[in-house]
Amino acid sequence: MKEPKRHPLVVGSGIAGLYVALRCREMGLRPTIVTQGRLEESNTRYAQGGIAAAIGPDDAPARHYADTVRAGDGLVNRAAARLLADDAPARIAALVRYGVPFDTAEGHIALGREAAHSRARILHAGGDATGLSIEETLKRRVLEGGIDIEERTSLRALRPGSPDGPVAVVARSPGGHPVTHEPRPIVLATGGAGNLYRQSTNRPFAMGEGIAIAFRAGAIVADMEFVQFHPTAFYREGAPRFLITEAIRGEGARLVNEAGERFMVGTHPDAELAPRDVVARAVDREIARSDRPHVYLDATRIPRDRLFARFPSICRFLLLYGLDPSRDRIPIAPVAHYMIGGIATDLDGRTSIPGLYAAGEVAATGVHGANRLGSNSLLEGLVFGEKVAVQLRNPRAGGPSPPGRTVELPTPTGSGSPEDPATIEVIQSRLWDDVGIVRAPDGLRAALAAFETLDREVEPATSEPPPGAVANAALTATLIARSALERTESRGAHFRTDWPRRRKIWERHVGLRSRKAGRGRR
Ligand code: SIN
């Protein structure tokens, strides 16, 4: 059956995908959501800390904007940050309208503190179950709205279409035959790539597939060197790397070493509430200095009632491992958490391919610069999701400005060797070891060569069948390593041992595009 041309295909069902679909429906469009697993499966579901918005009496969007710019270490797209901060209260109002049960105190929405925010402006729900509350609420609204949903279906390729948009090739998973849609607007809301790293807070499917697919189709990707590491994930051999939210430090928890010393004091004036990249590197350094694979988060000075009421999921998790955080120190270590880079978009979510939009973690608007401020990620899904929905209702031509430096890479073609899922572990280990929190030039070069080789082996030699998950992982890893080599400085989440400081010449974004697209300049 032919699809009406303006009715978008929304790929992904985290906060950005669900919100875009809901808003499109409200504006009279008939979106279809395609999602890899069940509708409610996404990284959004596991977001703990919350969502940032300047709604407190002592706060203002201008402060939120200034904090976002400061944390982004000289690389924030200021127009994007302005939009994010200014629009945040309206997006929160939309969530309240949909029924998200934000926690309250004395009749007002309760606000927590997180690192590098100058005010308490983090809204939360269910204590530390903010993502779960948002995801479940939006899911309910999507189902009530009768929005078409194709679960267990994944995007496999984007092909040239028409001015309405590209052609999407999708397949039921696992092993379903590829199905080709009519050209139509496509919104990529496929999330991040954290699970390309051996240690990560992300769900298994977060391997940057949307980025690889868009890159192959000719889209510019940007800022791929900026992978954000979260400083505090639970550490125990064999246990999941469960996130211990930054908000717990906002309530007074401290980072200490084996001897009980606070190593963040003296490292940064804001100590435990320093920007996330600074804290992640400090934890990494402290671990390297010690004979253990972790340091500790000490939350014992927070009153027990308060700790258990505010962070019920974390406390429940820790109790399962025999730890009572009101008495015991929590062993933690950094892990990959959030992909700052992604598919380059303008502020309306338009990519460099007409009719292809991106929103949420998969997009690179430049709003986070080189280091994302905590709790700005759920927010970006809403703010830029809203802009995408408005565009879909009333499309206008446009797209992202070219990044300050755009590098063309050879079109990925390969020998089409059968994919071995074990290759994913090779990629995860290599990224973790050589393109991690601290990056050395030899490691970067070796990692890039390894990823390019893997990619050449598994990329199909012809357009059918579309590349599989391993080829997409190898390509996204290649893009991360390539960008990390390109940026010869240290800034935000990207730290290089051979260039340990910021350099003025790098106050610009790195873009990558496939040479076949042919329109880019070096
Ligand atoms: C956290 O709760 O610490 C993570 C929140 C975020 O990454 O924005």
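Residues numbered from 1 in each chain as written. Predicted model: local features only at pLDDT ≥ 70, side-chain atom pairs only at ≥ 80, totals over all residues. Heavy atoms only, no water.

Here the focus is the sheet that holds strand β9 (residues 153-162). On the basis of which strands lie adjacent, the open sheet formed by 3 strands has the order β9-β10-β11 and antiparallel pairing. What marks the edges here is a single partner per strand, and that holds for β9 and β11 (179-180). Pairing analysis gives 2 bridges linking strand β10 (residues 165-172) to β11, with the strands arranged antiparallel. Opposite Val 170, over in β11, you have Val 179 as the bridge partner. (Pairing = 2+ DSSP bridges. Helix = DSSP H or I, 4+ residues; strand = E, 2+ residues; numbered from the N terminus.)

To continue, consider the pairing of strand β16 (residues 295-298). The pairing of strand β15 (residues 254-256) with β16 spans 3 bridges and is antiparallel. In the sheet register, Arg 254 faces β16, and the bridge partner there is Asp 298. As paired strands, β16 and strand β17 (residues 330-339) are joined by 3 bridges and run antiparallel to one another. Bridge pairing links Val 295 to Ile 332 in β17.

Residues of the chain with pLDDT of at least 70 account for 98%, and the chain-wide mean is 95. Segment residues 518-522 is flagged for pLDDT under 50; beyond a separation of four residues in sequence, or across chains, it makes 14 contacts in the model. (pLDDT = per-residue confidence, 0-100. Contact = heavy atoms within 4.5 Å.)

Here we take up the environment of Ile 211. Looking at where Ile 211 falls in the secondary structure, it is placed in helix α5 (residues 209-216). For Ile 211, a relative accessible area of 0% corresponds to the buried category. Taking the C-alpha atoms as reference points, Ile 211 and Thr 476, 265 residues apart in sequence, are found 6.7 Å from one another. The contact partners of Ile 211, leaving out residues within four places of it in the chain, are Val 221, Met 224, Met 339, Gly 342, Ile 343, Val 362 and Leu 479. (Buried < 20%, exposed > 50% of the residue type's maximum accessible area, 1.4 Å probe, protein only.)

We now examine the packing of helix α1 (residues 15-26) against helix α10 (residues 377-393). Closest axis-to-axis distance for the α1/α10 pair is 8 Å, and the angle between their directions is 35°. As α1 runs across α10, the sense of the crossing is right-handed. Two secondary-structure elements touch here, α1 through Ile 15, Ala 16, Tyr 19, Val 20, Arg 23 and Cys 24 and α10 through Leu 378, Gly 381, Leu 382, Gly 385, Glu 386, Val 388, Ala 389 and Leu 392. Class assignment of the residues belonging to the contact of α1 with α10 gives a composition of 10 nonpolar, 2 polar and 2 charged. (Axes fitted to C-alpha atoms, helices over the stretch in contact; angles between N-to-C directions. Left-handed = near helix turned anticlockwise from the far one by under 90°. Nonpolar A, V, L, I, M, F, W, Y, C, P; charged D, E, K, R; others polar.)

In this section: the environment of Ile 424. As for its position among the elements, Ile 424 is in helix α11 (residues 422-434). Under the relative-accessibility criterion, Ile 424 is labelled buried at 11%. For the pair Ile 424 and Asn 195, spaced 229 residues apart in the sequence, the C-alpha separation amounts to 9.5 Å. The residues touching Ile 424, leaving out its near neighbours within four places in the chain, are Met 207, Ala 469, Val 470 and Ala 473.

With that out of the way, let us pick up the nonpolar core. With 60 residues, the main nonpolar core has Leu 188, Tyr 197 and Val 435 as its most contacted residues. Residue contributions to this core peak at 11 residues, all from helix α13 (residues 469-486). For Leu 188, the residues in contact, after removing those within four places along its chain, are Val 11, Leu 155, Leu 158, Gly 210, Ala 214, Ile 343, Leu 356, Tyr 357, Ala 358, Ala 359 and Val 362. Among the nonpolar cores identified, the runner-up in size contains 49 residues, and Met 27, Leu 83, Val 100 and Leu 382 belong to it. (Core = buried A, V, L, I, M, F, W, Y, C linked by side-chain atoms within 4.5 Å.)

In this section: the sheet that holds strand β22 (residues 510-514). Strand order across the open sheet formed by 5 strands is β20-β18-β13-β22-β21, with mixed pairing between neighbours. Here the strands that pair on one side only, and so sit at the sheet edges, are β20 (363-364) and β21 (405-409). Note that β21 and β22 share 5 bridges and pair parallel. Paired with Thr 406 across the bridge in β22 is Gly 511. Contacts from α5 reach β13 (221-222), β18 (342-344), β21 and β22 within the one sheet, and its direction differs from that of β18 by about 40°.

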